[in-house]
Amino acid sequence: KTVPHMASSSTPAVSSPIAAMVVSSSTTSSLPRIGLGMAALGRPGYINLDRTTIFGDKDSRDVNVMQTRANTVIDSLFSSSTSKSTMPWLDCARSYGLSEQFVGEYLRSNDIAPSDVYVSSKWGYTYVADWKVELNAGAPHEVKDHSVENFFKT
């Protein structure tokens, strides 16, 4: 499921934090200057550096545990938001595992209006590891697909 928020017609749609910072500094001040990338929270094995210390071993990173951890981090982001310029910005992607699902669930369960958050997402790579941290040699965690069909996939 994707998050139902889109940029307003007065705000340029952007697909990455870098692009947003360029847009923010050159054309509008309505976008936040920094966002929370959901890659490490949306996939059980996305980042390897000290991941076991933070998230536990690979067998303790089930979907419910990672949703709870994502909720905790997103709570922190929302609690630090004090103005439109610090309005929470969550960056997702189909290649970030369940990041879109986690963000959507958080926003729905906390009754957060689309006008109170920025959500960006990207397409072109799809997560295919089926929530496995370790795959057989040569098996991909994500696949590249820039087709029109993939763009419109929900």
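Small disclaimer: the values here were computed from a predicted structure and weren't measured.

Caption draft 1: The sheet that holds strand 1 (residues 36–37), seen in detail. The 3 strands are arranged 1-2-3 in an open sheet whose pairing can be described as parallel. Where the open sheet ends on each side, the last strands, each with one partner, are strand 1 and strand 3 (118–120). Summarising the sheet, strand 2 (residues 89–91) and strand 3 pair through 3 bridges and their orientation is parallel. Along strand 3, the bridge assignment pairs Asp91 with Ser120. Those strands touched by helix 4 (residues 63–79) are strand 1 and strand 2, and its axis lies near 150° from that of strand 2.

Caption draft 2: Looking closely at the nonpolar core. Among the nonpolar cores identified, the biggest contains 20 residues, and Met38, Ile74, Phe78, Leu90, Val103, Leu107 and Val117 are the most heavily contacted of them. Among the secondary structure elements, those contributing two or more residues to this core are helix 4 and helix 5 (99–109).

Caption draft 3: Seen up close, the packing of helix 4 against helix 5. In the contact formed by helix 4 and helix 5, the axes pass within 10 Å of each other and the chain directions differ by 60°. The orientation of helix 4 with respect to helix 5, classified from their angle, is oblique. For the pair helix 4 and helix 5, the sense of crossing is right-handed. Facing Val63, Met66, Gln67, Ala70, Asn71, Ile74, Asp75 and Phe78 of helix 4, the residues of helix 5 in contact are Gln101, Phe102, Val103, Glu105, Tyr106 and Leu107. In terms of residue class, the contact of helix 4 with helix 5 is built from 9 nonpolar, 3 polar and 2 charged.

Caption draft 4: Representation of the pattern of salt bridges within the structure. Per the stated rule, a full pass over the model turns up 4 salt bridges. The partner of Arg43 in a salt bridge is Glu142, and the shortest N-O contact between them spans 2.8 Å. Within this pair, whereas Arg43 is found in the loop between helix 2 (39–42) and helix 3 (51–55), its partner Glu142 is found in strand 5 (residues 142–144), the two being separated by 99 residues in sequence. Relative accessible area serves as the criterion here: at 6%, Arg43 is assigned to the buried category. The exposure class of Glu142 is partly exposed, given its relative accessible area of 30%.

Caption draft 5: Up close: helix 5. For helix 5, the full list of buried residues reads Ser99, Glu100, Phe102, Val103, Gly104, Tyr106 and Leu107. Contacts made by the buried residues of helix 5 are with helix 2, helix 4, strand 2 and strand 3.

Caption draft 6: The packing of aromatic side chains, seen in detail. Tallied over the entire structure, the rule returns 4 aromatic pairs. Consider the rings of Trp123 and Phe151, whose centres lie 5.1 Å apart with planes at 70°: the pair is edge-to-face. A residue pair is termed long-range when its members are at least 10 positions apart, and Trp123 in the loop between strand 3 and strand 4 (125–127) and Phe151 in helix 6 (residues 148–152) qualify at 28 residues. Owing to a relative accessible area of 32%, Trp123 belongs among the partly exposed residues under this scheme. Accessibility expressed as a relative area gives 41% for Phe151, which makes it partly exposed. Taken together, a centroid distance of 5.0 Å and an interplanar angle of 85° make the contact between Phe151 and Phe152 edge-to-face. Residue Phe152 is classed as exposed on the basis of its relative accessible area, which comes to 60%. Through a chain of ring-to-ring contacts, three or more aromatic side chains come together here, namely Trp123, Phe151 and Phe152.

Procedures and definitions
Throughout, residues of each chain are indexed from 1 in the direction in which the sequence is written. Thresholds applied to this predicted model are a pLDDT of at least 70 for local features of residues and 80 or more for the giving and counting of side-chain atom pairs; totals over whole chains, interfaces and linings are not thresholded and use all residues. Derived side-chain values reflect all non-hydrogen atoms in the structure, with water molecules and hydrogen atoms excluded from consideration. In this analysis, strands are considered paired if DSSP registers two or more bridges between them. The way it works is that DSSP assigns letters per residue, a run of H or I at least four long becomes a helix, a run of E at least two long becomes a strand, and they are numbered from the N terminus. Residues count as neighbours in contact if any of their non-hydrogen atoms are within 4.5 Å of one another. With axes taken as lines fitted to C-alpha atoms, and helix axes fitted only over the stretch in contact, angles between N-to-C directions fall between 0 and 180 degrees. Here, nonpolar core means buried Ala, Val, Leu, Ile, Met, Phe, Trp, Tyr and Cys residues that are tied together by side-chain atoms lying within 4.5 Å of each other. A 1.4 Å probe rolled over the protein chains alone gives each residue an accessible area, and that area as a share of the maximum for its type sets the label: buried under 20%, exposed over 50%, partly exposed in between. Reported orientations rely on four angle classes, namely roughly parallel under 35 degrees, roughly antiparallel over 145, roughly perpendicular from 65 to 115, and oblique for the rest. By convention, the crossing between two helices is left-handed when the near helix turns anticlockwise from the far helix through less than a right angle, and right-handed when the turn is clockwise. Under the convention adopted here, Pro, Cys and the residues Ala, Val, Leu, Ile, Met, Phe, Trp and Tyr are nonpolar, Asp, Glu, Lys and Arg are charged, and Gly plus all remaining residues are polar. We count a salt bridge whenever a side-chain nitrogen from Lys or Arg sits within 4 Å of a carboxyl oxygen from Asp or Glu. Each aromatic pair joins two rings of Phe, Tyr and Trp (for Trp, the six-membered one) with centres within 6.5 Å, and gets the label stacked for planes under 30 degrees apart, edge-to-face for over 60, and tilted for any other angle.

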